[in-house]
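Observations on the model geometry
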Amino acid sequence: MDFTFTEEQQAAVEAAKAVFAAVAPDGVPSPALTAGAVAEDFDRALWARLAAADLLSLLLDTEYGGAGLDAVALCLVLRESAKVLARVPLLENTAAAVAVQRYGGAELRADLPARAGRGELVLTVAANGRTGHDPAELAVTARQDGQDSDVWVLDGVQTAVPWAHNADLIVVPAHTDAGRAVLALVPRVHAGVVLAEQISTTGERLGEMRLDSARIAARDVLDAEGAWEWLRELLATGTCALALGLGEGVLGMTSAYTSKREQFGFPVATFQAVAVQAADRYIDLRAMEATLWQAAWRISAGTGGALPASGDVAVAKIWASEGVRRVVQTAQHLHGGFGADTDYPLHRYHAWAKQLELSLGPAAAHEEALGDLLAAHPLG
């Protein structure tokens, strides 16, 4: 397998590094010391810089002002964002905009993707269902109005919606009586929509979204076959990229700390027990990286395989969830008490790692999904 990145993908990484270089992971109050949300809004100044660098439109076609790149490029940028705990809806906004580009009607495509790519319109996705573990599309019902076929009516609850209180539109997966999934673009402020505040492990504001006969125009509903499945796979793969970037940032912090911290007159990094633990976590990161690029490539290339692309996504998420947990736990151990000091950023990375571990399903959920795929597609 060739993991060489294209010139365009490498250019996206360099642009991302330049933008994220000025981001401080401890730019907001510590979630360990804050009863409520660490901030009312995401980092709007960073959002503007991302838009100016054309990093919000990477995956959009040129006709919408984008670069026409693929999921690999997005994951490369997300990887850099996680190293500094960038507080922006980059994954959700990009994934939702591309979903509209791929599956939306002509009227919706004419305006929305370009505005999202310029940062003028902020999109997010309700992908966690009622509990965070059940299929998100089953948490909401969607039916066409019996008297007006140009209107869909939504009922149900979606929990832990990221950036819900600050986004302009929330993409909500829902199921119809026929059992198929649709995607509705629901304004944050809309009749029949109630948002309650929830606080994530990272200290960010999430939203519990209650839909009570919310009426959505048919033009704002994506009912094409496979739209939700494609969007869910891109979100899961992007989450793996965030976990990888966070893990690499944490291992770098740990390497720097253990190289300077001395015991018995020697840096603790020279002790065999420390070196072995760090090496194990490095192996975790390389496995996370290999499975991530496999999943991102399958999504981008659309090629066939022994299993559907969702199988590669499941493998990547299993490694991401378990790997990032092991990385931050080892980092805390090797830092000693210093790792729990709220004046040092490591505890923030630990909180973000736990959030990413469980986002869009923990490893166990994806192991179950992978088992179902293997049962349905015998490899022998």
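For the structure itself, consult the block above.
Summarised in this report is the structure supplied together with it. (Residues numbered from 1 in each chain as written. Predicted model: local features only at pLDDT ≥ 70, side-chain atom pairs only at ≥ 80, totals over all residues. Heavy atoms only, no water.)

What to know about the packing of aromatic side chains
Taken as a whole, this structure holds 4 aromatic pairs when the rule is applied. Seen in terms of ring centroids, Phe 5 and Trp 293 are 5.2 Å apart; in terms of plane orientation they differ by 75°. Their pairing is edge-to-face. In this pair, Phe 5 is assigned in the segment before helix H1 (7-20) and Trp 293 in helix H8 (residues 272-301), connecting sequence segments 288 residues apart. What makes Trp 293 buried here is its relative accessible area of 5%. Grouped by ring-pair contacts, the aromatic residues Phe 42, Trp 47 and Trp 163 constitute a single cluster. The ring centre of Tyr 282 lies 4.9 Å from the NZ or CZ of Arg 286, which sits over that ring. (Phe/Tyr/Trp six-rings, centres within 6.5 Å; stacked < 30°, edge-to-face > 60°. Helix = DSSP H or I, 4+ residues; strand = E, 2+ residues; numbered from the N terminus. Buried < 20%, exposed > 50% of the residue type's maximum accessible area, 1.4 Å probe, protein only. Lys NZ or Arg CZ within 6 Å of the ring centre and 35° of its normal.)

Description of the environment of Ser 213
Assignment of secondary structure puts Ser 213 in strand S7 (residues 205-217). In sequence terms Ser 213 and Asn 128 are 85 residues apart; their C-alpha atoms lie 20 Å from each other. If sequence neighbours within four positions are ignored, Ser 213 has contacts with Val 153, Leu 154 and Asp 155. (Contact = heavy atoms within 4.5 Å.)

Some details on unusual backbone geometry
Within the chain, Leu 85 stands out as a residue other than glycine whose phi angle is a positive 55°. For Leu 85, the location among the structural elements is in the loop between helix H3 (71-83) and helix H4 (90-103). The phi dihedral of Ser 213 falls on the positive side, at around 50°, and the residue is not glycine.

Side note on the pattern of salt bridges
Evaluated as defined, the whole model comprises 24 salt bridges. The shortest N-O distance in the salt bridge between Asp 111 and Arg 115 comes to 3.6 Å. Given the relative accessible area of 39%, Asp 111 is considered partly exposed. Judged by relative accessible area, which is 28%, Arg 115 ranks as partly exposed. Of the charged contacts, one joins Arg 298 and Asp 312 as a salt bridge, the two residues approaching to 2.5 Å between their closest N and O atoms. In this pair, Arg 298 is assigned in helix H8 and Asp 312 in helix H9 (residues 309-335), connecting sequence segments 14 residues apart. By the burial criterion, Arg 298 is buried, and Asp 312 matches it. When salt bridges with common partners are traced through the structure, they connect Arg 79, Glu 80, Lys 83, Glu 248, Arg 286 and Glu 289 into a single cluster. (Salt bridge = Lys/Arg side-chain N within 4 Å of Asp/Glu carboxyl O.)

As for the nonpolar core
Most often, soluble globular proteins keep nonpolar side chains buried together rather than apart. Residues Phe 20, Leu 50, Leu 231 and Leu 246 are the most contacted members of the largest nonpolar core, which totals 93 residues. The biggest single contributor to this core is helix H7 (residues 227-260), with 16 residues. Residues in contact with Leu 246, not counting those within four places in the same chain, are Ala 82, Lys 83, Leu 85, Val 324, Val 328, Tyr 349, Trp 352, Ala 353 and Leu 356. Core analysis: the second largest hydrophobic core is formed by 20 residues, Ala 142, Val 186, Val 193 and Ile 216 among them. (Core = buried A, V, L, I, M, F, W, Y, C linked by side-chain atoms within 4.5 Å.)

Details of the side chain of Thr 124
Examined against the element boundaries, Thr 124 turns out to sit in strand S1 (residues 123-125). If we skip the residues at most four places from it in the chain, Thr 124 touches Glu 92, Val 161, Pro 162, Trp 163, Ala 164, Ala 167, Leu 169, Ile 170 and Val 171.

Side note on the packing of H3 against H7
At their nearest, the axes of H3 and H7 sit 7 Å apart, and the two run at 40° to each other. Classified by the interaxial angle, the pair formed by H3 and H7 is oblique. Crossing handedness for the pair H3 and H7: right-handed. On the side of H3, the interface is formed by Ala 71, Leu 74, Cys 75, Leu 78, Arg 79, Ser 81, Ala 82 and Lys 83, while H7 contributes Leu 234, Thr 237, Gly 238, Ala 241, Leu 242, Leu 244, Gly 245, Leu 246, Glu 248 and Gly 249. The residue inventory of the contact of H3 with H7, partitioned by class, reads 10 nonpolar, 5 polar and 3 charged. (Axes fitted to C-alpha atoms, helices over the stretch in contact; angles between N-to-C directions. Parallel < 35°, antiparallel > 145°, perpendicular 65-115°, else oblique. Left-handed = near helix turned anticlockwise from the far one by under 90°. Nonpolar A, V, L, I, M, F, W, Y, C, P; charged D, E, K, R; others polar.)

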